[in-house]
Amino acid sequence: MRLLISCLLLAAGIVVGAAVPDVSGFVRDSLAAIGLTWAAGKPGPEPTGHDHDPGPAQAAAHESHGHAGHDAHAEAGVIRMSPEQVAAQDITVAPVAGGTLARHLLVPGTITPDTDRIARVPARVVGTVAEMRKRLGDSVQKDEVVAVLDSREVADAKSEYLTALVQVELQTINFERQQKLLASRSASESAFQSARAAFLETRLRADLARQKLSALGLDAAAVAAAQTRDEATPTHSTLRRYELRAPLAGRVVERRVDVGSAVGKEGDPADLYLVADLSTVWIELSVPTLDLAQVQEGARVAVTPTREGGRRRAEGRVIFVSPFLNAETRSARVVVALPNADLAWRPGTFVTAELEIDRDHVPVRVPKAALQTVAGTRVVFVRTPDGFAMRAVELGRSDDEAYAVTAGLAPGEAIAVANSFLLKAELGKAEAGHDD
């Protein structure tokens, strides 16, 4: 009976407490005394065993959770990294700029000597090798004496010229004497004319002898000077001596005779040396007919050795595109000039040539290493003060190394151009953490 009365009193208190806030405090104290809780503004108690009003800590936690969810959504695609972290992961950053896109055609080729830079040292006269001054592989300069021949043919030509010089000198004296006698009427006209004819004849013979020396590559003045020196040293004669000179600067790549070898006659070696200047070499290419229209003289060519996996690379230019096709291969000969200052490119080496067949300038160019694919979209990572921000881009034409960006980036913006895949991985970790 007593319990029933208590329940009636409590019910009445609940109804009054709903209208009067001060009474509700009394009711809450009463409910707490019997182990129940009271939710203000609700029609009845909640048997939860805890006060439903959140405390300060609970309210703060709820508010913090709400803000965190908002920040995660606002910072989607943002990766926070300090400069030290960027450096530690070798993420290279570079500003976006315009550039050139080039398309290439891969063609096999072979290194050959430049035919304009290879020359033989011919014997030119019949004789015997007296001196060989250069060994195989030696460097030579243009017009340097590389060998000396002993030649009777040369001795005859020199003797003929020197004799003609003496005759010219004698006939000149006689002609001038007859000219003076004729002026003083001490000589007849016929004597004067005979002296004049002899003078002209000897001068003509001297001119012919001089041309013969020139045909042998000898200088007439040098021959006369050598004769003067020989007269001063009777035991030494240069009459049979014939010097061979290098026609260009380069290296001796072949030596074909030895000292004492006979040269110049039929069946004898015609050349003593082969000299080559390999500071520039050629690359012989065979381009198929279908690709020939794209190859232009002056085009850039990147060259790599076929068997070295591209470890060495050089650049040359197309200097000749043959207008004729090979009847068997249906391809055209293309010649590339390649600088070879260090002589590393040896004739006979097989190479792979990247012929440039197209070249365009674009306002925004990014390397392929800077691009990543996220959710099917091509993106780059733009550098920010706090790290990086993912940004979608639209791509245009491409070449072997880069793409043209048509939308999403402006020149001057800094992006990650190396190891950008690490940023994609960090982005994936962050999204996985938000999903949890």
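Criteria and cut-off values
- Residues numbered from 1 in each chain as written.
- Predicted model: local features only at pLDDT ≥ 70, side-chain atom pairs only at ≥ 80, totals over all residues.
- Heavy atoms only, no water.
- Pairing = 2+ DSSP bridges.
- Helix = DSSP H or I, 4+ residues; strand = E, 2+ residues; numbered from the N terminus.
- Phe/Tyr/Trp six-rings, centres within 6.5 Å; stacked < 30°, edge-to-face > 60°.
- Buried < 20%, exposed > 50% of the residue type's maximum accessible area, 1.4 Å probe, protein only.
- Axes fitted to C-alpha atoms, helices over the stretch in contact; angles between N-to-C directions.
- Parallel < 35°, antiparallel > 145°, perpendicular 65-115°, else oblique.
- Contact = heavy atoms within 4.5 Å.
- Nonpolar A, V, L, I, M, F, W, Y, C, P; charged D, E, K, R; others polar.

K.L.:
Where do I start with the sheet that holds strand β4 (residues 118-122) in this structure?
P.N.:
The four strands are arranged β4-β11-β9-β6 in an open sheet whose pairing can be described as antiparallel. Strands with a single pairing partner mark the edges of an open sheet, and in this sheet they are β4 and β6 (139-140). Judged from the five bridges that link them, β4 and strand β11 (residues 271-276) form a sheet pairing that is antiparallel. Bridge pairing links Val 121 to Tyr 273 in β11.

K.L.:
What am I meant to see in the packing of aromatic side chains here?
P.N.:
The way to describe two aromatic rings as a pair is by their centre distance and the angle between their planes. Across all of its chains, the model carries two aromatic pairs by this definition. For the pair Phe 175 and Phe 199, a centre-to-centre distance of 5.2 Å together with 10° between the ring planes defines the contact as stacked. Within this pair, whereas Phe 175 is found in helix α5 (residues 152-183), its partner Phe 199 is found in helix α6 (residues 189-215), the two being separated by 24 residues in sequence. For Phe 175, a relative accessible area of 14% corresponds to the buried category.

K.L.:
Help me out: how do you make sense of the packing of α5 against helix α7 (residues 220-232) in this one?
P.N.:
A pair of packed helices can be characterised by two numbers: the angle between their axes and the separation between those axes. Across the interface, α5 lies against α7 with an axial gap of 11 Å and an inter-helix angle of 80°. Viewed along their axes, α5 and α7 adopt a mutual orientation that is roughly perpendicular. The residues of α7 that touch α5, namely those facing Lys 158, Tyr 161, Leu 162 and Leu 165, are Ala 220, Val 223, Ala 224 and Gln 227. Residues of the contact of α5 with α7, tallied by class, amount to six nonpolar, one polar and one charged.

K.L.:
I'm lost on the pairing of strand β19 (residues 387-392) in this one. Help?
P.N.:
The side chains of a regular strand alternate between both faces of the sheet. Sheet analysis places strand β1 (residues 78-80) next to β19, joined by three bridges and oriented antiparallel. Each residue of the ladder has a partner; that of Val 78, found in β19, is Ala 389. Bridge count between strand β18 (residues 377-384) and β19: six bridges; the pairing is antiparallel. Looking at the pairing, Thr 384 lines up with Gly 387 of β19. Hairpin connection from β18 to β19: two residues lie between these consecutive antiparallel strands.

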